[in-house]
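# Structure assessment
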Amino acid sequence: MTSPATQKDNSQVIQLLLVEDDEDDYVLVESYLDQAYDGNIVITWADTYEKAQQFIAQSSYDIYLIDYYLGQQNGLDLTKEITSSTFVVNAVILLTGLDDHKIDLEATKSGAMDYLIKQELSASMLERSIRYALSRKSIEEELIAMAQHDPLTGLANRVKFNMALSDKIQYARREQAQFAVLLLDLDNFKEVNDTLGHTTGDTLLKVTARRLQKSLRDIDMIARLGGDEFVIIAEFNNIAEGSANIAERLIEELAEPLELDCHQINTGVSIGIAIYPHDGISPEALLKSADLAMYKSKRGGRSTYRYYDPVFELELTQTKQLQTELQLAIDSNQFVLHYQPIIDTESGRVVKAEALIRWQHPKKGLLPPAMFIPAAEKNSMIITIGEWVLQQACRDCKQWQTIEQLKDTGVTVNLSPLQFRDENLIPIVSKAIASIQLNHKHVTLEITETTLMEIGEDVIERLTMLDQLGVDIAIDDFGTGYSSLSYLKQFPVSTLKVDRSFISDIDDEDDDKIITKAIVNLGKSLNKKVIAEGIEKKGQLEIVNQLGCHFIQGYHFTKAMPFEEFTDWTQKFHNKHS
Ligand SMILES: Nc1nc2c(ncn2[C@@H]2O[C@@H]3COP(=O)(O)O[C@H]4[C@@H](O)[C@H](n5cnc6c(=O)[nH]c(N)nc65)O[C@@H]4COP(=O)(O)O[C@H]3[C@H]2O)c(=O)[nH]1
């Protein structure tokens, strides 16, 4: 008998475990194998079931040759033990003294690759059977490798990641160790994919995978879970310091601009971190915690990382609850619109009214948008709410046209980022206006500067489509979104709305005055109107008048009011100022 496989170190030589309780049969099989392989085979002989189990636990073999009858036990059971792993291929050949169709079937069912009858055995038959089994093993191994890898990046895929995470948990439980799961999501992958095409998107993913591999140690596991989501399992001596360092390094590395297909691409990554065992002891729980933390870092300004905090769970539950309530609010008409006048500084008339949504909650009373719009924006509910706002605002505007003092008053509606991106936006807007035969010029859509900046190159196309409909477009919160001048020049927008933060300190802070002045001048040079919103005090009004703002809006005149109140207020205002 040769020594166990563990002691040999020649990869060309076949390692074979022969499980045979009959010494004569062992000698016969060994002689055939020697004849067939001329020494290029290492045979480890186990003469009992238990010994075979020991060898199997210590080492792995290229081929297992197992006798069907092993004393009181059965070679089929041992075969099942060896072949039971889903992700490791083991080549087993069963030997039997009987030519029995039933045993043949059982052998195949148990996972054996072949079934040989001892009386018919020869060196060539053994060699052929082993050759076939090894070739099938290598094909199956290749298939398994393919099933565990992401073909695009070559990284491990979700299947392999799940296995690795389960293994890591078992190891950490045994060793009382900690480790971190870092979930990464690229910040502007969708924009790259949508604007530059899938080929560039794929290249970005491949480059990202390479960058991640470069930044990590070999011992860290990295996988692509799908889309632009990557995940890392990493162990550190000091888990808090180590995981923070790695997250910072990855954020820095992935923030480096890239030149892809002649485009400069600025990517970034948001990272969520969950630590075993604090944030979960099962693969599902850990991944869910990392996912919540990643979602948080995405929301809290991109290119950041967050550790999981149980409070996120509570927030998520509250958000879900709010979303259920919002659906009910939509179904039972609990939303109302309030209107705030926008006044032309030259004519002194109310030219438009900004529609601002409120929720008439059956228990909590009248709720401001800040208490429900962010939750609605987390899913498509904002699209449904936004469509209602648009239709109601158009209906109200049509009503004003029947009143002499308000017949020229237009309406302004806020569009959330999701609505602006929605492919049905144009039909929704045109239906709301056309269904009541309102003139398009009476409708203004307000889109924040930040939203416009986040859309990417598609923005001009989308704005142009709205412009072609005939509606007016205003950029809200202007001055906070860092839009470039060259971009702004191409936007078919009529109005810039100076962000309230500049107006609030305009009377005592020079910087804000300078910025507002610059925005007004910029607006004028680009042939756009400028609205100063948030005018609360007389002093602010005087300054914005001095600077030449075209329109004004704010508590100094009035807060937003329900439809009837707004109508009365405007009539009185016009009577007073006519
Ligand atoms: N401190 C101060 N505040 C003033 C003054 N004048 C007006 N405001 C408030 O400033 C907000 C102006 O609207 P926004 O910037 O578009 O900001 C809006 C807008 O982003 C969002 N929102 C409101 N209605 C809708 C809607 O129908 N759809 C969408 N998507 N968002 C909406 O909610 C935000 C807040 O709305 P509101 O609570 O109604 O708050 C309104 C308005 O009541 C002032 O002189 N001083």
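Residues numbered from 1 in each chain as written. Predicted model: local features only at pLDDT ≥ 70, side-chain atom pairs only at ≥ 80, totals over all residues. Heavy atoms only, no water.

## Concerning unusual backbone geometry
What you tend to see is this: most non-glycine residues have negative phi, and most peptide bonds are trans. For the record, the criterion: For the purposes of this entry, the term helix denotes a DSSP run of H or I that reaches at least four residues, the term strand denotes a run of E that reaches at least two, and both are numbered from the N terminus.
Each neighbour pair has its own omega, and for Tyr 276 with Pro 277 the value is 5°, a cis peptide bond. Relative to the helices and strands, Pro 277 is located in the loop between β13 (269-276) and α10 (283-299). Backbone geometry at Gln 437 places phi at a positive 50°, although glycine is not the residue there. Summarising the element assignment, Gln 437 is placed in the loop between α15 (425-434) and β19 (443-448).

## Observations concerning the sheet that holds strand β14 (residues 305-307)
Applied cut-off: What makes two strands pair is DSSP finding at least two bridges between them. Only the stretch in contact is used when fitting a helix axis, every axis being a line fitted to C-alpha atoms; angles between N-to-C directions are given from 0 to 180 degrees.
Reading across the sheet, the five strands line up as β9-β10-β8-β13-β14 and stay open at both edges, with mixed pairing between neighbours. At either margin of the open sheet sits one strand with a lone partner, and together these are β9 (221-226) and β14. Here the strands of the sheet are splayed against their neighbours by 20° on average, with no regard to which way each runs. With three bridges joining them, β13 and β14 adopt parallel strand pairing.

## As for the pattern of salt bridges
If charged atoms from side chains of opposite charge come close, those side chains can pair. We count it as follows: Salt bridge, as applied in this entry: a Lys or Arg side-chain nitrogen positioned within 4 Å of an Asp or Glu carboxyl oxygen. Three exposure classes are used, based on accessible area relative to the maximum for each residue type with a 1.4 Å probe and protein chains only: buried under 20%, partly exposed in between, and exposed over 50%.
Scanning all chains against the criterion turns up 22 salt bridges. For Lys 118, the salt bridge is made with Glu 20, and the minimal N-O distance between the two is 3.1 Å. Placement of Lys 118 in the loop between β7 (114-117) and α5 (123-147) and of Glu 20 in the loop between β1 (14-19) and α1 (23-37) is noted, with a sequence separation of 98 residues between them. There is no split in this pair, since Lys 118 and Glu 20 are both buried. Across the pair Glu 127 and Arg 131 runs a salt bridge, and its minimum N-O distance is 3.0 Å. In this pair, Glu 127 and Arg 131 both sit in helix α5, four residues apart, roughly one turn of the helix. Given the relative accessible area of 22%, Glu 127 is considered partly exposed.

## Description of the site of the ligand
Put simply, the rule reads: By convention in this text, a residue qualifies as near a molecule or strand provided that one of its non-hydrogen atoms is within 4 Å of it. Any pair of nitrogen or oxygen atoms within 3.5 Å is treated as a polar contact; in protein, a donor-acceptor pairing is required on top of that, and neighbouring residues in sequence qualify only through side-chain atoms on both sides. With residues, only the protein chains shown are counted as cover, and all accessible areas are computed by Shrake-Rupley using a 1.4 Å probe. Side-chain classes follow a simple rule in which Ala, Val, Leu, Ile, Met, Phe, Trp, Tyr, Cys and Pro form the nonpolar group, Asp, Glu, Lys and Arg form the charged group, and the remainder, Gly included, forms the polar group.
Taken together, 20 residues sit near the ligand, with Arg 358, Asn 414, Arg 500, Glu 536 and Tyr 555 positioned nearest. The side chain of Arg 500 places a nitrogen or oxygen atom 2.5 Å from an oxygen atom of the ligand. One of the backbone N or O atoms of Tyr 555 is found 2.9 Å from an oxygen atom in the ligand. In isolation the ligand offers 800 Å² of accessible surface; the protein chains occlude 81% of this area. Counting residues per element, the ones that place at least two in the shell around the ligand are β16 (350-361) and β20 (472-478). A per-element tally of the shell around the ligand places β16 first, with four residues. Residue classes in the shell around the ligand are distributed as six nonpolar, six polar and eight charged.

## Examining the packing of α15 against helix α17 (residues 458-469)
Just so we agree on the cut-off: Should an angle fall under 35 degrees it is taken as roughly parallel, and over 145 as roughly antiparallel, whereas 65 to 115 is taken as roughly perpendicular and any remaining angle as oblique. In this scheme the crossing of two helices becomes right-handed for a clockwise turn of the near helix relative to the far one and left-handed for an anticlockwise turn of less than a right angle. Any two residues whose heavy atoms approach within 4.5 Å at even a single point are treated as in contact.
Look at α15 against α17: their axes get within 10 Å of each other, and the N-to-C directions meet at 20°. With respect to α17, the element α15 is oriented roughly parallel. Viewed along their axes, α15 and α17 form a crossing whose handedness is right-handed. Side by side, α15 and α17 meet where Leu 425, Ile 426, Val 429 and Ser 430 of the first sit next to Arg 462, Met 465, Leu 466 and Leu 469 of the second. Of the residues that constitute the contact of α15 with α17, the class distribution is six nonpolar, one polar and one charged.

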